[in-house]
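# Chains, contacts and geometry: an overview
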Amino acid sequence: VQLQAYGGGLVQAGGFPRLSCVGSGRTFSSYFMGWFRQAPGKEREFVAAINWSGGRTNYADSVKGRFTISRDNAKNTVYLQMNSLKPEDTAVYYCAVDLRGSSLHYSDYDYWGQGTQVTVSS
């Protein structure tokens, strides 16, 4: 079972990259999925999450109105559209799957991608 995240890189402030997370080894279409991020010296924090159908989403206050999470179950993929990026969004972004519920806390997630670095230059 593997989650592969990609789409990060060096982006100028105000940029709008889209992160993708592709699952393999099993289908994740029935499960709650989330994006988290971790900046150097900081704890991993919740960014956004989405239920199995895409009908319910949750966002951290710091990204609400700027980021959009979505999923394509046919492709076993979850996305994070990031808009109006700020330097404080710089972090490694991780996708993850919660097999047991709909948590917003990283400790409840079961499978993790390897992370993709997003660096926002001012």
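Heads up: these notes are all about the structure in this document. All of these numbers come straight from a predicted model, not from anything done at the bench. (Residues numbered from 1 in each chain as written. Predicted model: local features only at pLDDT ≥ 70, side-chain atom pairs only at ≥ 80, totals over all residues. Heavy atoms only, no water.)

### Thoughts on the overall build of the chain
Secondary structure summary: the chain contains zero helices and 11 strands in total. Listed by position from the N terminus, the elements making up the chain come as β-β-β-β-β-β-β-β-β-β-β. In terms of overall dimensions, the chain is globule-like: its C-alpha atoms have a radius of gyration of 13 Å, near the 14 Å expected for 122 residues. Overall, the C-alpha framework of the chain stretches about 40 × 25 × 25 Å when taken along its three principal axes. Sorting the 122 residues of the chain into buried and exposed places 42% on the buried side. Considering only contacts within the chain whose residues lie at least 6 apart along the sequence, 57% involve residues at least 24 apart. Of the accessible surface of the chain, which amounts to about 6,100 Å², a share of 48% is contributed by carbon and sulfur atoms. If you average the places of the 12 positive and of the 9 negative side-chain charges in the chain, the two averages end up 5 Å apart. (Helix = DSSP H or I, 4+ residues; strand = E, 2+ residues; numbered from the N terminus. Rg over C-alpha atoms; globule rule 2.2 N^0.38 Å. Buried < 20%, exposed > 50% of the residue type's maximum accessible area, 1.4 Å probe, protein only. Contact = heavy atoms within 4.5 Å. Areas by Shrake-Rupley, 256 points an atom, 1.4 Å probe, with all protein chains shown as cover. Lys, Arg positive; Asp, Glu negative; His and termini not counted. Charge placed at Lys NZ, Arg CZ, Asp CG, Glu CD.)

### Observations concerning the state of the cysteines
By the definition in use, this model includes one disulfide. Each disulfide pairs two cysteine sulfurs, and for C21 the partner residue is C95, the sulfurs being separated by 2.0 Å. Taking the sign of the torsion about the S-S bond as the criterion, the disulfide between C21 and C95, at about 65°, is right-handed. Here C95 lies in strand 9 (residues 91–98) and C21 lies in strand 3 (residues 18–24), a separation of 74 residues in the sequence. For C21, a relative accessible area of 0% puts it in the buried group. (Disulfide = S-S within 2.5 Å.)

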